[in-house]
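Okay, here's what each chain looks like letter by letter:
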Amino acid sequence: MIKKIKHFINYADLRKFRFWLQLFFFVFFIYGGYLAIDLGREIPVFSCGYNHETAGTCYFMPLQHQLARPWETLFSAASIGVLTSFLVFLLWFIVFNKAWCGYACPMGTLQDWITSFRKFLGIPYSTYNDTQYKSLKKIKYIFLIIVIIFPLLIGLGLLDGEWRGAFCDMCPARVITPMFVGDFSQWSIDFSTKTAIFLSSFGLIFTALFFVGSFIKKRFFCFFCPMSAMHYIFSDTALLKLKKDGDKCTKCGDCYNVCDMQIKDIADDVQSTNILRDDCILCLKCVAACPEDDALHVDLVNYPIFKSTKGGFAKRMEMDTWEKKNDS
Amino acid sequence: MIHEHKIESPKEKQNRHKAMEAISMLEKLKHDFKEPPKAMDYFYNLYEDVHCKQKPLHADKVKVGTMCIQVPAEITHALDAVQIRLCNGFYTDDEIGSDLLPSKSCPLVKATVGQFASNNFSDKPDIIISPTTCDQKAKSGAIIEDMGFDIYDMEFPRTKESEESREYWRRSVRKFTKELSNNLGKKLTRKKLKESIKKIGYAQTLYHRLNSLRKNAHSPLLGVDMFLVTNAFFFDKIDAWIPAVEALASECEQRVKDGTDAARKISPRIVYTGSPPIFPNLKIPYLIEQSDAIIVADETCSSNRMFNDMVSVDEWFLYDMVDSVADRYLKGCTCPIFTKNDDRKRRIIDLVREYKADGVVYQAFAGCQVYEMEQRSVLEAMEKEGIPIIYLESDYSPSHLGQLTTRIEAFVESLKNRKRKAK
Amino acid sequence: MVDFIKRDKDDIYAKPILGFLFKNQKFIMTLKIVVAFIFFYAIYFGFTHQGKDNTFTWAVFWGIFWSLFMVVTLPTLGRVFCGICPHGFLGKYITKFGLKKKMPKWMQNQYIGVFILVIGWWGIYYMFPGIYRTPFGTAMMFLVMTILAFIIYFIYRDMSYCKYICPIGTLTRAYAKLSFTWLGSYKSACNECKTFECATACQHNLKPFTFDGRNSMTDCTLCMDCSAACEAISFKVKKPSFSLFSKFQILKAEVWTFILILAAIPISMAFHHGLGRSKVASDMIWAKTAEYFKGFIDFGSVDAVGLFAFLYAMLFTIIAATLGMYIASKILQKDYKKTFYDLGYSYAPLFILGSIAHSLESFFTRGYDRIIEGFAFGFGFGKVDIASLASRGDKWLAVFGILKWIAIIWALIILYKRMKLIDSTKLRKTLAFPFAALLVIFFLGVNSYRSYILDTYGRASRGTHGSHSSHAMKSTDSNHSKNINILSKSTKPLDTVYFSDKKPTPVSRMGHSGAHMMGTRDRSKVPSKKVWLVTDPLDDTKCVHNTIGKFFATDIDNNLVEVKLNQKSCTSISFKMPKSGYYKVYYLLETPHSINVAKYEYKRFDHSAEAIYEKEKMSAKTIQEIPFDILQLRAEDETFYSRPHSGDVLKFKVIKNGVAQSGVNISLTTQFGWQKNLKTDANGIAKIQLIQDYLPKWNKFNKRFKENFLVVATYTEDSKKYKASFSGIFTPPREAYSSYSYGFVITLIIIILLSGAIYLYRYRLQKPFKEVHFDD
């Protein structure tokens, strides 16, 4: 029986599964408010709080507000609040690890849809070359610094309170997600202060970048996402893990070819067992695209729940059957 | 009976010699072992047709000859051409080639060049693709060009770890695709390439299906037969090869169910690695299995390396498909021509574990420098893992078999002892 | 022995300045001599100048050595304090000419030093606060310790005093494990060594060449004698506390040092000095225990509360440590003792980092100036007056608060790493982790509890504990003395009075402005709001005092609640707002011929989103006690997040004795003087659209500007006059400062530019490779 279930999972069509799950989470997070769902404010994806119908708010919004408190409050009683929020965030995160990105994040899903649209138009995608890749991937850490350090500086009195939600103001999710509930009010430049002009313009520039970028590059924004960087810091503690058996790997590069995030280690690193890298969105396309038995597998608390198999690969790539055509 | 005496032309003489070589090997394979699967008859007949009767298989198609396995078959097939691998195993051709190449060259290269020199093909290639893999093959491309053949040099990097090499090779494949398409006057389309990738992918899946049966404690198929099957992929019609292997796989599956063993229970299980055994030069595999061992897996470019790595594509556009196809031929390749080759050692160790093998036979052609040079490091790696390994050097000549036989028999005997002790 | 070695990059000896500091024997010797001189001079000075004017002795012992230098260097550079300690320095020479006896077994016990420190020093400290702090006490104590040390050095060999008797010997040994330095040796050289100069040079009888292998520097005091004897000795920079991440030989006394010191210093301090200074200090268990025992025993000059605080701290800490570890050991299915000592090393950072924070803070606020002044006094420069580097309450000092959190996280990391060394299943380890961390959690809990108590109940006014200087100025509202310049007046029955949440007439404020109601609120407290009853124009409000009217307040369910009324000179009223919802405050002045009502409504929301969209709960209601009331009706789509903006239409309904009243005169006045008058319609409703009259220069524009408005309803019926006021705020609308067209244009331009750029880039890619460019 267990064998049958395992066979079913390992031979499953991941794409369909993922599509429906992503659709579900997209609707859930964007429209959940209409059903009075509220998962709190510690959700580890860009389920933006500017969308008033969200079913749970991106953790960065409360985090920035919490950290922006004056230091004497922050490091005394208020730290309990910060800590509990953080623990809730961690609890959400620990179970699914970065699968939040690949399956639940509305912004990620949106990018996947834009990618599908491009595919429909028949336009090929672009990739970064090695040098671009290495230099650009640092940007998400810069954003993470903005998320964490800027509020702290406000609390210290070194920075104006206007910068409290600096990242949120620049984040395309603020502009885009409310659109889905008919709220276009974020598509504007705030002329109230110089800082506001700067930040809201940036927000729109990043929104434009988001649309063009994700049209031309798969999961364009995830590459710069500070939430992804934040996830990575705690990914070692997570229960769900992406693992690799280097002995079984032939470095054929199939996983790398399908990787939306261009992670080379997935194919080239045969030493690490934990192959999750900071850019990874745990979409598991690599596992589905691996033609070696057991070379890549997803473990939940060390129990493999989804493994790469020769048969599963052949089925997914439609290489398990072949009809002879009488054309020759 | 009166025989009409006719003066034999050199070509006829060659063909007679080659047919003799072929048929003697085929007869040995057919009769020296336990009964082979019925479906093997297709392959025995195929070799007889091609090598003894000189029967052309692809008369109506454009034939693209390749000097090495790195030429993407997916692309050739997508352009409605047939890909024929020209690596040659005939001693007859080897001797012809000896006159053209230095005496210490690799017999495989000599035989290949020899065949061109004699210009004696049942399916003569219209264009020859020569990937710049090892020195001998790269240089022999130029020699063949001097003989008046149409040669396309396909640049191949000799390191594979770096990002540059990946990009270099992808560009090389893209360029090859474009040039071949221009040369043949055919346009590569998404649909055709996708179909072709799937067809080759299916062939690979079949190979894996058959191969994984050899993991059983009772392997239903001898190593030599497997080599015949994979060798046939060099030149056979894919559309014929696929049903033949399907039949063979089904029969072998039945054999596994019945518990039919191609060898004996005590027979040591061998992983074969090194220079490729190409029909009719199945000398070493034959000797091994004659000595009551069985080859359960191999790491050679005439078999495993040709089929192992499959292509996956995310978006079925030409860019994506061509690049994915390119990666398969570089990154997964364990050919010793690369500067360093930890992947090959890992692969052998993994094969030993996966196929529960008792030992490894490392065979190198005398003159195949890269395999000879890599021998030491592989031996060391195996020693570290506690895997028994024997290194053999051989060529295409039918003589000097005695010494090889003794060494192989001794190795097999020692493996048997180990096996007994382990019990 | 080797004369030359190729040093690794992380070797401090190979670094330019640090290498000199740690390797140059002449420099080290000079330093030791100077330190020894200051040490003995300070003792001498303590005897000659016993008065309070002797700041020098204090500066040397309590200002520099303990605790500043020690706690700062221990978790960073390691035991460098021991390296320059005058006892060790002179002890080496004394031992050389001493009797060189072997120390008896019973004295070879690290607990001796630990107990001298914990009981003899800290226990006494809590019982007799201030006894060691006089110059004479200090000098006496150090003299006694010095004589004791020298005697032991003379009798016994191998510097046994440092190892077993010295009160801070085991402590430094234990906490130095956190440091990022490591004295080791180069294996390549040591493998061939047959002479062992490093070991023979060591007065402590240690073997430096084995440190790396043992993963422990044992009793090494970083005196650097070995590094002078052989070049193969290295002094490397490593990851902080790296040795705790792998196995080494456990010393039980070290684990107990961590626990006892934690109990004796931070926990006891939190009890006695933190909680003990709150307004509820007398409710604490130790205070009560002391009170109870005072009935039986005469404590004399002993500070009983301090003593019991210390004892309870000990008790709780030890229970937390042992109980947690016991449960953890059961879960892990391991021997309790082994688990306890193996994992107990994770407690190391808890005390020391908090101490650094405290020491540095003291240094900046009062240590620095006192040290300078003390040295000036000690060396005959007379009295100098130096300003301190920071004053208490300076905001940036909160930076040091972060260290406590680092300590907790660090402890958890060490625990995690040490947990890895234990052979058990992952599940068990995960389950055992929180129990093994019980002491860490306890530490966290005590700290949180302390700040909770101090924030909720406040600090007691000074007097009970004299040693601390004045606290930061915190409260601003309750200062009566500042009310002198507030103009206040009494009113006639029908004067317009209304509520304002701004204090009438500006008073200089410290800290944050009251406008940030949400941001600065302390989460642990129930939020409250204070409003003043005022009169006169909106931009120049005046207090009302000695009013005879009645006050009512309602909670979110429209029930009457008690309010705190403050009638002193300025009438103000405070009410608590435990939940999200609408709170109302009424003022009612009733005479036979008039009714005058002032109303204030406050919408409190937090992000917890409870009951946000319940229309029934949100709707405007009146109460029967009020005969004449203005209700602000909610907008159609109103949520707790909504706020009125300029341009919005506000609807007011007037209720007289429970029924809607038509024909009431309504006037709405804004802060900038705009006024609108109209009468209520048949349903008693008046609709008024708010004007935008906040029009500053664009760069002065504040989108959160709260403009006040005041609605006054007047009505006369049977010569009885009715009057009601309702005050509120509104803010500029989004349209006033945000532009969709610009936003759209910017986005569009960037989309077009980018698309073009990508198209061109792709087009260009089809061209052949470009040649590399050399910058010649």
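Structural notes, computed from the coordinates. (Residues numbered from 1 in each chain as written. Chains lettered and ligands numbered in written order. Predicted model: local features only at pLDDT ≥ 70, side-chain atom pairs only at ≥ 80, totals over all residues.)

**Topic: helix H19 (residues 401-421) of chain C**
Residue and element names in this part refer to chain C. Taking 1.5 Å per residue as the helical rise, H19 with its 21 residues ought to reach 30 Å, and the 32 Å between its terminal C-alpha atoms agrees with that figure. Of all the positions in H19, only Leu403, Lys404, Ala407, Ile408, Trp410, Ala411, Ile414, Leu415 and Met419 are classed as buried. Next to the buried residues of H19 lie helix H17 (336-344), helix H18 (348-378), helix H20 (426-436) and helix H21 (438-457). (Helix = DSSP H or I, 4+ residues; strand = E, 2+ residues; numbered from the N terminus. Expected span 1.5 Å × (residues − 1). Buried ≥ 20, exposed ≤ 12 C-beta atoms within 10 Å, placed from the backbone. Contact = placed C-beta atoms within 7 Å.)

**Let's talk about the sheet that holds strand S4 (residues 151-154) of chain B**
Residue and element names in this part refer to chain B. Read across the open sheet, the four strands follow the order S2-S1-S3-S4; overall the sheet is parallel. Of all the strands in the sheet, the pair left with one neighbour each is strand S2 (81-85) and S4. Geometrically, the sheet is characterised by an average inter-axis angle of 25° between neighbouring strands, direction not taken into account. Pairing of strand S1 (residues 62-66) with strand S3 (residues 127-131) involves three bridges; the strand directions are parallel. Along S3, the bridge assignment pairs Thr66 with Ile129. The strands that helix H7 (residues 163-184) touches are S1, S2, S3 and S4; relative to S4, the one it contacts most, it runs at about 160°. (Pairing = 2+ DSSP bridges. Axes fitted to C-alpha atoms, helices over the stretch in contact; angles between N-to-C directions.)

**Overview of the nonpolar core**
Judged by nonpolar contacts, the single largest core of 221 residues is most densely connected at Val45(A), Phe60(A), Trp100(A), Cys255(A), Cys286(A), Ile270(B) and Val271(B). The greatest single-element share of this core, amounting to nine residues, is contributed by helix H12 (residues 194-216) of chain A. Lining this core are residues from two domains, each supplying at least three of them: domain 1 (7-232) and domain 2 (240-316) of chain A. Dropping the residues within four chain positions of it, Cys286(A) is found in contact with Cys255(A), Val258(A), Cys259(A), Ile266(A) and Leu296(A). By size, the runner-up hydrophobic cluster in this structure holds 138 residues, among which are Phe81(C), Cys220(C), Ala253(C) and Leu415(C). (Core = buried A, V, L, I, M, F, W, Y, C linked by C-beta atoms within 7 Å. Domains from an automatic or database assignment.)

**Some thoughts on the pairing of S4(B)**
All names here are of chain B. Pairing geometry for S3 and S4, over four bridges, is parallel. Looking at S4, one finds that Ser130 is bridged to Asp153. Since S3 and S4 lie parallel, the crossover through helix H6 (residues 135-146) that links them has a hand, and here it is right-handed. (Right-handed = clockwise from strand over helix to strand, strands pointing away.)

**A word on the interface of chain A and chain C**
Contacts between the two partners involve 31 residues from chain A, matched on the other side by 35 residues from chain C. Counting only elements with at least two residues in the side of chain A that touches chain C, the list comes to helix H4 (71-74), helix H5 (78-96), strand S1 (189-190) and H12 of chain A. With nine residues, H12(A) is the largest single contributor of residues to the side of chain A that touches chain C. Class assignment for the residues of the side of chain A that touches chain C results in 17 nonpolar, 10 polar and four charged. Here two bridges tie S1(A) to strand S20 (residues 738-739) of chain C, and the two strands are oriented antiparallel to one another. Paired with Asp190(A) across the two strands is Ser738(C), which belongs to S20(C). (Nonpolar A, V, L, I, M, F, W, Y, C, P; charged D, E, K, R; others polar.)

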